[in-house]
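Structural overview
Next come the chains, spelled out residue by residue.
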Amino acid sequence: MIEILRFALVEGADEVAFLEADKLVQVEFAYQQPGLLRRTTARADDGTWVVVDLWQSAEQAEACNERWGADAVTAAFMSFVAEGSVTVERYQEIG
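These remarks concern the structure in this document.

1. Digging into the environment of Leu37
Relative to the elements of secondary structure, Leu37 occurs in strand β2 (residues 36-43). Through-space distance from the C-alpha of Leu37 to that of Gln56 is 6.8 Å; in sequence the pair is 19 residues apart. With near-sequence residues (within four places) excluded, Leu37 lies in contact with Tyr31, Leu54, Trp55 and Gln56.

Following this line, the structure appears as structure tokens:
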């Protein structure tokens, strides 16, 4: 299952500090989650961001989503994210 988190940073956010927070999420939270196969963060030319996760199953992605809101590392990451800018899309692999 592929999950795409799209968002914008808050106005005036320090991009270097955000990338440090993203790295902490990757090391201390994301790759500790059962079923996560790959996680990539990228920025578009217009300044919007995506995090693309590849999961073994939708159930594992949902279980991670439930833990996301209760973790200090993810809270620090989300402090950089503009409220109302977040969308999440999930896609099932074919074949």
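Following the structure, the description resumes.
2. Topic: the nonpolar core
Listed in full, the 12 residues of the largest apolar core are Leu5, Phe7, Leu9, Phe18, Ala21, Val25, Trp49, Val51, Val73, Phe77, Phe80 and Val81. Elements represented by at least two residues in this core include exactly β1 (2-7), α1 (15-29), β3 (49-55) and α3 (72-78). With three residues, the single largest contributor to this core is α1. Residues in contact with Leu5, not counting those within four places in the same chain, are Trp49, Val50, Val51, Phe77, Val86, Thr87 and Val88. If you look at the next biggest cluster of nonpolar residues, it comprises seven residues, including Met1, Phe29, Leu36 and Cys64.

3. Some points on the side chain of Gln33
With respect to the helices and strands, Gln33 occurs in the loop between α1 and β2. A relative accessible area of 9% means that Gln33 is categorised as buried. Side-chain polar atoms of Gln33 contact the backbone oxygen of Phe29, separated by 2.9 Å. Once you skip the residues sitting within four places of it in the chain, Gln33 turns out to touch Trp55, Cys64 and Arg67.

4. Thoughts on the pairing of β1
Relative to β3, β1 runs antiparallel, the two sharing six bridges. Note on β3: the bridge partner recorded for Ile4 is Val52. In terms of strand pairing, β1 meets strand β4 (residues 87-91) through five bridges, oriented antiparallel. Bridged to Glu3 within β4 is Arg90.

The rules behind the values
- Residues numbered from 1 in each chain as written.
- Predicted model: local features only at pLDDT ≥ 70, side-chain atom pairs only at ≥ 80, totals over all residues.
- Heavy atoms only, no water.
- Helix = DSSP H or I, 4+ residues; strand = E, 2+ residues; numbered from the N terminus.
- Contact = heavy atoms within 4.5 Å.
- Core = buried A, V, L, I, M, F, W, Y, C linked by side-chain atoms within 4.5 Å.
- Buried < 20%, exposed > 50% of the residue type's maximum accessible area, 1.4 Å probe, protein only.
- Polar contact = N/O pair within 3.5 Å; in protein donor to acceptor, adjacent residues only side chain to side chain.
- Pairing = 2+ DSSP bridges.

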